[in-house]
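Residue-level structure breakdown
Okay, here's what each chain looks like letter by letter:
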Amino acid sequence: MKGDRMKQEFKLLIDGVLVTGASDMPVLNPSTGLVFAQAPRANVGQLNESVAAAKKAFPAWAARSISERRNMLLMLADQVEVNVELLACLLTCEQGKPLAQARMESMACVQIIQGMSDNELSPKVLRDDGGSLITEVRTPLGVVAAITPWNFPLALLMNKLAPALLAGNTVVVKPAPTTPLTTLFVGELCSRVFPAGVVNVITDANDLGSLLVEHPDVTKVAFTGSTATGRKVMQTAASAIKRITLELGGNDAALVLSDADVKSVAQKVFDGAMLNAGQICVAIKRVYVPNELHDAFCDELSVLVKNMIVGDGHDFGTQLGPVQNRTQYEKLKDLLEECARDGRVISGAVHPSENGYFIPPSIVCDLDDSSRIVREEQFGPILPVLRYADLDEVIRRINDSEFGLAATVWGTDLVHATKVAERIDAGTVWVNKHLDLSPGIPFRGAKQSGFGAELGRAGFEEYTQAKVINVLLD
Ligand code: ADP
């Protein structure tokens, strides 16, 4: 598939039918900057048809037993598994990530469906004391809008689709404009499994998201994206007090403690910063190292940066692909220039491709906390390394951020490291590991990094309305 213009035709899914868009839009391969496929582009009429189809399908879908819905979800997991190679290839083409990472993301969809399928809707007894029987039951909400970003188009879709459908909701999916194809492909797989209208997929050129959020028949919005857009989603949803789940930006700190093993921790921190070219909400985005370890840590990172293989995600051995789109590329180029002005930049190879969106993997030393790359979310393969002298002071510096998604703490004394982890303001703090996300464990952002949870029991309940039934027994 690499380099070729894609022969496959992509369609929207509306009311169980694969349909062409009102118009087409080009999809670029970020490794070349060239158009490799055309995607359909829905208009407002098609958005309205999708929501109407989801609304019509809702009563019958909600009336099915949860085990029927679970079985269909597991059939979708089978469809994804059978098509993993195609999905992964398509993902590398439109998103840019190395093929091995694209395979992992595609397979993660299967695991997310299987893991989330374990949830049940059984009533919970809150009181049964002879006088009253009080239970809490959970019902589906209705039509869910699932709005996804371009960094993990498949996994972040599945985090929403699986619990929403299992709970009995119907869904309208809208991916990011620069990565529509894998989502459209998942739509096609859904059309083989679910009744008409249960899953609908529309695509846009960044013009339908807010209309979907404000549509009166959309009951819940599940959104992953930037904090700035999340704020708009919250504002729009406020008019009808819609249920929302927001998974937003992060500026995750890695805190290296003075008893850490420099070599092995440097490798893990580096991996946590560079995976998916740093375009992960929970990527390590700043690392704090004690004065006495600082130079050795920078030396280790410099070697890793220099050895990193940068290239087209389809090329064998590529460890770092391009960033996903031109806007992100331009932003990172500016940021890197600013870093070179304010600090000391050590960069690895730049891919020779003329038009691809390649940013060299870089570490930046000798910056202070006021630098933009320390304050803001870079979302790219550039990692600032900051010194510290005192633990209380560094925890204050880490917590001095509007973000609070995740963090990591690295040290040999686990009791001490865990105590430090408890002092960091974030939804998840990993100790001596990173990116351990799984369908059984809820994931949520503190502060302006999010609202509500994805995954785990809590992530499932986000797609339900809790209702208390309170019966007088006599
Ligand atoms: P980025 O700024 O990196 O493009 P966004 O957070 O804006 O990321 O995009 C995430 C998703 O939100 C995409 O699917 C995008 O089309 C969609 N989107 C953009 N603007 C809005 C909006 N006002 N309301 C809802 N969704 C939106």
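Preceding block: the structure.
Being a predicted model, the structure only gives us computed values, none of them experimental.

With respect to helix H1 (residues 44-63)
For H1, spanning 20 residues, the distance from its first C-alpha to its last is 30 Å, which sits close to the expected 28 Å at 1.5 Å a residue. A maximum bend of about 40 degrees is found in H1 at Ala57, where proline Pro59 lies one to four positions downstream. All of the buried residues in H1 are Gln46, Leu47, Ser50, Val51, Ala53, Ala54, Ala57 and Trp61.

A look at the site of the ligand
As a structural note, the neighbourhood of the ligand is formed by 18 residues, with Thr148, Lys174, Asn206, Ser226 and Thr229 the closest of them. Ser210 has a polar backbone atom sitting 3.4 Å from a nitrogen atom of the ligand. Thr229 has a polar side-chain atom sitting 2.7 Å from an oxygen atom of the ligand. Protein chains shield 79% of the accessible area of the ligand, which is 560 Å² for the free molecule. For the shell around the ligand, the secondary-structure elements that each account for two or more residues are helix H7 (209-214), strand E10 (220-224) and helix H8 (227-238). For the shell around the ligand, the per-class residue count stands at eight nonpolar, eight polar and two charged.

Observations concerning the sheet that holds strand E6 (residues 132-140)
Within the open sheet, the three strands sit side by side as E5-E6-E24. Their pairing is antiparallel. Of all the strands in the sheet, the pair left with one neighbour each is strand E5 (124-128) and strand E24 (464-472). Each strand of the sheet is rotated relative to its neighbour by a mean of 20 degrees, with strand direction disregarded. Examined bridge by bridge, E6 and E24 share nine bridges and lie antiparallel to one another. Among the inter-strand pairings, Glu136 is bridged to a residue of E24, identified as Val468.

Conventions we followed
Residues numbered from 1 in each chain as written. Predicted model: local features only at pLDDT ≥ 70, side-chain atom pairs only at ≥ 80, totals over all residues. Heavy atoms only, no water. Helix = DSSP H or I, 4+ residues; strand = E, 2+ residues; numbered from the N terminus. Expected span 1.5 Å × (residues − 1). Bend = angle between axes of the 7 residues up to and from the residue. Buried < 20%, exposed > 50% of the residue type's maximum accessible area, 1.4 Å probe, protein only. Near = heavy atom within 4 Å. Polar contact = N/O pair within 3.5 Å; in protein donor to acceptor, adjacent residues only side chain to side chain. Areas by Shrake-Rupley, 256 points an atom, 1.4 Å probe, with all protein chains shown as cover. Nonpolar A, V, L, I, M, F, W, Y, C, P; charged D, E, K, R; others polar. Pairing = 2+ DSSP bridges. Axes fitted to C-alpha atoms, helices over the stretch in contact; angles between N-to-C directions.

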